[in-house]
Amino acid sequence: MISFRPFWDTLKESQESTYTLIKNHHISSSTIDKLRKNKPVNTTTVNDLCRILRCPVEAIMEYVPSEDDQVL
């Protein structure tokens, strides 16, 4: 499972907030909701967040093994 827990830590340490992401950077509120619920987001969104927060991908998301993962 992809977890966006690192995103919330990175956001907290930055000068941005969910409000500024929506208002100033045009990240949709539905995308913020997806991040909160660890739902899939596209790589363009991840790229935008890395650019806005000036951080590597690892500061946005991480892989966490889960029993809910699809069997391959």
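Quick note: structure is the one above.
Rules used in this analysis
Residues numbered from 1 in each chain as written. Predicted model: local features only at pLDDT ≥ 70, side-chain atom pairs only at ≥ 80, totals over all residues. Heavy atoms only, no water. Helix = DSSP H or I, 4+ residues; strand = E, 2+ residues; numbered from the N terminus. Rg over C-alpha atoms; globule rule 2.2 N^0.38 Å. Buried < 20%, exposed > 50% of the residue type's maximum accessible area, 1.4 Å probe, protein only. Contact = heavy atoms within 4.5 Å. Areas by Shrake-Rupley, 256 points an atom, 1.4 Å probe, with all protein chains shown as cover. Lys, Arg positive; Asp, Glu negative; His and termini not counted. Charge placed at Lys NZ, Arg CZ, Asp CG, Glu CD. Arc of directions from axis to C-beta. Polar contact = N/O pair within 3.5 Å; in protein donor to acceptor, adjacent residues only side chain to side chain.

On to the overall build of the protein chain. Looking only at helices and strands, the protein chain features 4 helices and 2 strands. Seen in sequence order, the protein chain has helices and strands lined up from the N terminus as β-α-α-α-α-β. On C-alpha atoms alone, the protein chain measures out to a radius of gyration of 12 Å, which is about the 11 Å that the 2.2 N^0.38 rule sets for 72 residues. When the backbone C-alpha atoms are referred to their principal axes, the protein chain occupies close to 40 × 20 × 20 Å. When each of the 72 residues of the protein chain is scored for burial, the buried share is 29%. A separation of at least 24 residues holds for 60% of the contacts in the protein chain among residues at least 6 apart in sequence. As presented, the protein chain carries roughly 5300 Å² of accessible surface, and 51% of it is formed by carbon and sulfur atoms. Taking the average place of the 9 positive charges on the side chains of the protein chain and the average place of its 10 negative ones, the gap between the two points comes to 9 Å.

The next subject is helix H4 (residues 43–53). Turning to H4, its buried residues are Thr-45, Val-46, Leu-49, Cys-50, Ile-52 and Leu-53. Taken down its axis, H4 places every buried residue within 165 degrees of arc, on the same side. Among the exposed residues of H4, those pointing more than 90 degrees away from its buried face are Thr-43 and Arg-51. The inward-facing, buried residues of H4 abut helix H1 (5–13), helix H2 (18–23) and helix H3 (29–36). Where H4 begins, one side-chain oxygen reaches toward the backbone nitrogen of Thr-44, 3.0 Å away; that side chain belongs to Asn-42.

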